[in-house]
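Results of the structural survey
This is what each chain is made of:
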Amino acid sequence: FIKMMAKNLFFVFVFLCSSVTYAQELQSELQDQDWRIIPGSYETNKPAWDVYVYPVFKHSDGDFNMSRVILSPTEAVVLVSFEGDEYGVLKIDDKLSVAWKHKLKGVPHLIIKFGKNLLVRTRPDISKMGRKKESGIYLIEPQTGEIVKQLDNFGDIAKGGASYYELKFLVNESMNEIKLGIRYYEEKLPAITRGMNLVTLDYDLKVVSNEKIPLVNNGLYLNCALNNNGDFVFLSAEENNQLKVQTFEAKTWIPQKRILIPFHPRKKSKFFGELYLSSFNPDHAFVYVDYLNDEKEEIRAIHKIKFSTETFFSYERVLGKDFIKNVKAGYEIVNKKLDKPDFDDWDKMKVIRIIDNGERVIVFEEVRYSYQSPQVNSDRIYWTTGDGLINFLNSNMKPLTHTVIPKRFRLNGPVGLSSSLHIKENKIMLVSGYDKGKGTTAIYAQIDASSGRIDKIEELKKDRIRDNYPADPQATLWFDDSFILSYLDADGAMLRIKRIQANLQKFSY
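One numbering rule holds for all chains: residues counted from 1, following each sequence as written. The model is predicted, so local features are restricted to residues of pLDDT at least 70 and side-chain atom pairs to those at 80 or more, both for listing and for counting; the totals for chains, interfaces and linings are taken over all residues. The basis for the side-chain values is all heavy atoms of the structure; hydrogens and waters are excluded.

Some words on the overall build of the chain
Heads up, the condition is: Segments assigned H or I by DSSP are reported as helices when at least four residues long, segments assigned E as strands when at least two residues long, and all are numbered from the N terminus. Remark: exposure states derive from per-residue accessible area (1.4 Å probe, protein chains only) relative to the maximum for the residue type, with buried under 20%, exposed over 50%, and partly exposed in between. Contacts are residue-level and defined by heavy atoms, with any inter-residue pair within 4.5 Å sufficient. All accessible-area figures derive from a Shrake-Rupley calculation using a 1.4 Å probe, and residue coverage is judged against the displayed protein chains alone.
Along the chain, the regular secondary structure elements total 3 helices and 34 strands. In the chain, which comprises 509 residues, the share counted as buried stands at 51%. Pairs at least 24 residues apart make up 50% of the contacts formed inside the chain by residues separated by at least 6 positions. Surface summary for the chain: the accessible area is close to 24,600 Å², and the carbon and sulfur share equals 50%.

Rendered as structure tokens:
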């Protein structure tokens, strides 16, 4: 009898321990909402999928950093779609409580902090054929959600230059400053910059100044930004086989530094280039470029620039079988319950994010591609987010170690794409979609940023949310000690879906 009682008490103890552990992971959920978090617009040259045939509420391709503002360790304001027909903004906290929500005219693609308010920019909804196409700028008070000011677009400011131009909001978060960049070009040569103006706005959206940037001899425009000192940084690809990074001093816009990086793409071949600014040190920037060389090798190059010394350090590799073979040979399984990496599609890996923490440069890459169904007379497209690769480099861009995140998510619609990466102290947290064949879920990985060691990688369990609802990882909201993951009710053929509902679940980390 004593042995039986001891055995029963042991099972009760195990059950209670497992229940406590489970309660720590799974906090609460919010089901069947009439909204979902939508992506903001990509910067100029991000590695995007071709999703132009889909309304914004039907896809997850875009910059979700541009569609959310984390107000505090427990509150966020996000851009959303309502019922798949209208768009707006809402405030939510880490307890899954919605404080307020507003519908806006047009499709919002950018939300940023601006003084005491939030600035939201909207564009015309091109899917609403025959209707009035609305766009505008909103200032919103974050605590109450009150719209304190609403304006039409800034088109009048841009007039007076070339006939064709593009507008870009340039954000300097450290100084809580926003400038409106106006890049002028000719219709037949949209990548050649004919002029560049920076417009300074006050907190009431009134124009304080409109100043010309003295650009000279520019090649193909790749991107531009403001660093944490307020300096203007401009990246272009020159005809003489060089990438050029120019800086212009804040406020005076006097040319300061010009760094030229050798770049030898095969003649008439396409290439991809992008600019990343360091949030750790305004003296640092990164230039990332993928290209085909004269030997028809696919090259990936990431250059770290130090403006003060006008020098750069480079990490380059051939995107071929040798690199994949070396990674495969050294791969060790961390969680046997998860699938092994699918090294066969690693030729489709893209750079997603570059992080500078002073001692390390962390480069996150991920397999991303879509393909047409091989079935006869099928127009179905499958969208795949595959394995992740985190490269750890030293401050001079020399490889230290790498970490492989085995995962795969595939769906016949462009939702649930890519992953969400979050850095806290010395830990890297990652959430990504996961497809085991019997339903769709997500995985959570925690990596030590110093050693590259995977501390934890596991499948996230749903509570009452249906198995066939895919996770939308990039819409994840990261709070101080928890994150909220969205699952989407998006069954059926994507082009026939009338709306997508969000189901949210909170996890601790």
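Regarding the confidence of the model for the chain
Note the following rule: Values of pLDDT, which run from 0 to 100, indicate the predictor's confidence residue by residue.
Chain-level statistics for the chain give a pLDDT mean of 88 and a share of 89% at 70 or above. Across the chain, the element-wise mean pLDDT spans from 44 in helix 1 (residues 2–25) up to 98 in strand 32 (residues 477–478). pLDDT under 50 marks residues 1–7. Its contacts with residues more than four places away, or in other chains, come to 0 contacts.

Side note on the sheet that holds strand 7 (residues 107–114)
Using the following cut-off: Pairing between two strands is assigned when DSSP locates at least 2 bridges connecting them. Angles here are taken between N-to-C directions and fall from 0 to 180 degrees, while the axes themselves are lines fitted to C-alpha atoms, restricted in helices to the stretch in contact.
Spatially, the 4 strands line up as an open sheet ordered 7-8-9-10, and their pairing is antiparallel. Lying at the two open borders of the sheet, with one neighbouring strand each, are strand 7 and strand 10 (147–151). Between one strand axis and the next, the sheet turns through 20° on average, direction left out of account.

Focus: the sheet that holds strand 19 (residues 272–277)
The strand order 19-20-21-22 describes an open sheet built from 4 strands, whose pairing is antiparallel. A single partner strand is all that each edge strand has here, and the edge strands are strand 19 and strand 22 (311–318). Each strand axis lies, on average, 15° off the axis of its neighbour in the sheet, ignoring direction. In this structure, strand 19 lies alongside strand 20 (residues 284–292), joined through 6 bridges in antiparallel fashion. Opposite Tyr276, over in strand 20, you have Phe286 as the bridge partner.

Remarks on the side chain of Thr247
Counting through the fold element by element, Thr247 comes out in strand 17 (residues 242–248). Judged by its relative accessible area of 5%, Thr247 falls in the buried class. When near neighbours in sequence (up to four residues on either side) are disregarded, Thr247 contacts Phe232, Val233, Ile254, Pro255, Gln256, Lys257 and Phe307.

Quick word on the packing of aromatic side chains
Note the cut-off: Only Phe, Tyr and Trp rings are paired, with Trp represented by its six-membered ring, and only when their centres lie within 6.5 Å; those with planes under 30 degrees apart are stacked, over 60 edge-to-face, the remainder tilted.
Counted according to the given criterion, the structure contains 19 aromatic pairs. Ring geometry for Tyr165 against Tyr184: centres 6.4 Å apart, planes inclined by 65°, an arrangement best described as edge-to-face. Linking Tyr165 in strand 11 (residues 164–172) with Tyr184 in strand 12 (residues 177–185), this pair joins segments that are 19 residues apart in sequence. We classify Tyr184 as buried; its relative accessible area is 7%. Taking the centre distance of 4.8 Å and the plane angle of 40° together, the rings of Trp478 and Phe483 count as tilted. Judged by relative accessible area, which is 8%, Trp478 ranks as buried. Looking at Phe483, the relative accessible area reads 1%, which means it is buried.

Concerning the nonpolar core
Note the threshold: Residues belong to one nonpolar core when they are buried, are Ala, Val, Leu, Ile, Met, Phe, Trp, Tyr or Cys, and are joined through side-chain atoms within 4.5 Å.
Judged by nonpolar contacts, the single largest core of 28 residues is most densely connected at Val89, Ile111, Val120 and Ile500. Looking at this core, the elements with two or more residues in it are strand 4 (75–82), strand 5 (86–93), strand 6 (98–104), strand 7, strand 8 (117–123), strand 9 (136–140) and strand 27 (409–411). Filtering out sequence-adjacent residues up to four positions away, Val120 remains in contact with Leu79, Leu104, Pro108, Leu110, Ile111, Gly136, Ile137, Tyr138 and Ile140. One finds Val233, Val245, Ile259 and Ile261 within the second-largest nonpolar core, a separate group that totals 19 residues.

Regarding empty space enclosed by the protein
To keep things clear, this is the line we draw: Think of a 1 Å grid over just the protein atoms. A cavity is a set of points where a 1.4 Å probe fits yet cannot get out, a pocket is an open set with protein on both sides within 12 Å along at least five of seven lines, and lining residues have an atom within 4 Å of a point. Grid points are joined across faces, edges and corners, and a volume is the space filled by probe spheres set on the points. Gly is put with the polar residues, along with every residue not named as nonpolar or charged; the nonpolar set is Ala, Val, Leu, Ile, Met, Phe, Trp, Tyr, Cys and Pro, and the charged set is Asp, Glu, Lys and Arg.
Under the defined criterion, the tally for this structure stands at 1 cavity of 30 Å³ or more. Around the largest cavity sit Arg300, Arg317, Leu319, Gly320, Phe323, Ile324, Trp346, Asp347 and Met349, which together line it. Residue composition of the lining of the largest cavity, by class: 5 nonpolar, 1 polar and 3 charged.

Description of the pattern of salt bridges
Oppositely charged side chains can form a pair if their charged atoms are brought close together. Filter applied, for reference: The salt bridge criterion pairs a side-chain nitrogen of Lys or Arg with a carboxyl oxygen of Asp or Glu, the two atoms within 4 Å.
With the rule as written, the count across this model stands at 26 salt bridges. Between Arg368 and Asp61 there is a salt bridge, with its nearest N and O atoms 3.5 Å apart. In this pair, Arg368 is assigned in strand 24 (residues 360–372) and Asp61 in the loop between strand 2 (35–37) and strand 3 (68–72), connecting sequence segments 307 residues apart. The pair Arg368 / Asp61 is uniform in exposure class, with both members buried.

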